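Residue strings, one per chain:
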Amino acid sequence: MTITVSYRLAEAVILVTGAGSGIGAALARHCALAGATVVAVDRRHDVLLDGLDGATRGRIDARDVDVADAAAVAGLIQDVDRRYPRLDAAVLGAAIQIRAHIDQMSAAQWREVIDVNLNGVFYCLQGIIPLFKARKSGAIVAFTSGLALNGWPGASAYAASKAALIGMIKSAAYELKEFNVRANVLSPGVRATPLFLDVSSEEERKFYRASIGIGEPEGVVPTLLYLISEASSNLTGVVIEHRISLAGMVAGRSGS
């Protein structure tokens, strides 16, 4: 898929969690190619760095950090503040799915999903917000999911975490409005990412291909660029549902 939307990113410093694969990797790669400095946070970065030239790799500050570790996240943000003159935007996409029916899910599995998907965003916000407040500028984007409202068998923990994020980010948007800091939520639709493909069955993928479609991760990048740019300066506290166009659907693939 060719991305035709363009923004001035040469001087930008952007934090992306969940940057090792999927939507996070697509955004981080695009921003780095466009000249931005990207602090790319994940537990692995193989897909992110694959095939990039030396100059582009040099603009990606890859950090091996588990967002569920509050101390590690605090240390990361402190180091970003020391190393860079500013932070312009934060896209908080780190997430996991563990599929299990409620009566079969262990407490440890439940906590792991909530710790990464919800608490991880909270820890990032606690570090990032003071930086944005001090500059009176900044943009925050977190991801929800259609499962937050619709549910899916085995997806209770994931759906609950994504529903809770909406309330947290909307509340943050109210708190940050006077500081000229925006906070929004994006529902990216079903995408051919490891987060979806690694846990979904062929029956589930068939259902989505026949209904709303399965899109490529790169299809979300233009919307994310809009949300972190000054083009969306009057937009905060909203949930945007990303529709998958026919052009952006995964063509001729089983999704596995």
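Residues numbered from 1 in each chain as written. Predicted model: local features only at pLDDT ≥ 70, side-chain atom pairs only at ≥ 80, totals over all residues. Heavy atoms only, no water.

Considerations on the pattern of salt bridges
In a structure, side chains of opposite charge can pair up when their charged atoms sit close to one another.
And then number 1: With the rule as written, the count across this model stands at 10 salt bridges.
And then number 2: In this structure, Asp61 engages Arg63 in a salt bridge whose closest nitrogen and oxygen atoms are separated by 2.8 Å. Arg63 shares its class with Asp61; the two are buried.
And then number 3: The partner of Asp79 in a salt bridge is Arg83, with the nearest N and O atoms 3.5 Å apart. (Salt bridge = Lys/Arg side-chain N within 4 Å of Asp/Glu carboxyl O. Buried < 20%, exposed > 50% of the residue type's maximum accessible area, 1.4 Å probe, protein only.)

Brief notes about the confidence of the model for the protein chain
And then number 1: Summarising the model, the protein chain shows a mean pLDDT of 91, and 93% of its residues fall at 70 or more.
And then number 2: This model gives residues 251-256 a pLDDT under 50, and the stretch forms 10 contacts once residues within four places in sequence are excluded. (pLDDT = per-residue confidence, 0-100. Contact = heavy atoms within 4.5 Å.)

Looking at the sheet that holds strand β2 (residues 37-42)
And then number 1: Taken together, 7 strands build an open sheet; the order of strands is β3-β2-β1-β4-β5-β6-β7 and the sheet is parallel. Looking along the sheet, the strands with just one partner apiece sit at the ends: β3 (60-64) and β7 (239-241). Neighbour-to-neighbour, the strand axes of the sheet open up by a mean angle of 20 degrees, direction not taken into account.
And then number 2: Here strand β6 (residues 181-187) runs beside β7; their pairing, made up of 3 bridges, is parallel. (Pairing = 2+ DSSP bridges. Helix = DSSP H or I, 4+ residues; strand = E, 2+ residues; numbered from the N terminus. Axes fitted to C-alpha atoms, helices over the stretch in contact; angles between N-to-C directions.)

Section: the pairing of strand β1 (residues 13-17)
And then number 1: Here β1 lies mainly inside the structure; 5 of its 5 residues are buried.
And then number 2: Burial along β1 is two-sided: Val13, Leu15 and Thr17 facing one way and Ile14 and Val16 facing the other are all buried.
And then number 3: Pairing geometry for β1 and β2, over 5 bridges, is parallel. Pairing of Val13 across the sheet is with Thr37, part of β2.
And then number 4: Taking the sense of rotation as the criterion, the β-α-β connection linking β1, helix α1 (residues 22-33) and β2 turns out right-handed.
And then number 5: Pairing of β1 with strand β4 (residues 89-92) involves 4 bridges; the strand directions are parallel. Bridging across to β4, Thr17 finds its partner in Leu92. (Right-handed = clockwise from strand over helix to strand, strands pointing away.)

A few points about the packing of aromatic side chains
And then number 1: Under the defined criterion, the tally for this structure stands at 5 aromatic pairs.
And then number 2: Between Phe207 and Tyr208, the ring centres sit 5.2 Å apart and the planes meet at 70 degrees, which makes this aromatic pair edge-to-face.
And then number 3: On the accessibility criterion, Tyr208 (9% relative accessible area) is buried.
And then number 4: Taken together, the aromatic side chains of Trp152, Phe196, Phe207 and Tyr208 make up a single cluster linked through ring pairs. (Phe/Tyr/Trp six-rings, centres within 6.5 Å; stacked < 30°, edge-to-face > 60°.)

Describing the packing of helix α4 (residues 70-83) against helix α5 (residues 107-135)
Between two packed helices, both the angle of their axes relative to each other and the distance between the axes serve to describe the pair.
And then number 1: At a minimum axis distance of 8 Å, the contact between α4 and α5 shows a crossing angle of 25 degrees. Considering the angle they form, α4 stands roughly parallel to α5. Read as a crossing pair, α4 and α5 show a hand that is right-handed. On α5, the residues that touch Ala70, Val73, Ile77 and Asp81 of α4 are Tyr123, Cys124, Gly127, Ile128 and Leu131.
And then number 2: Of the residues in the contact of α4 with α5, the class split is 7 nonpolar, 1 polar and 1 charged. (Parallel < 35°, antiparallel > 145°, perpendicular 65-115°, else oblique. Left-handed = near helix turned anticlockwise from the far one by under 90°. Nonpolar A, V, L, I, M, F, W, Y, C, P; charged D, E, K, R; others polar.)

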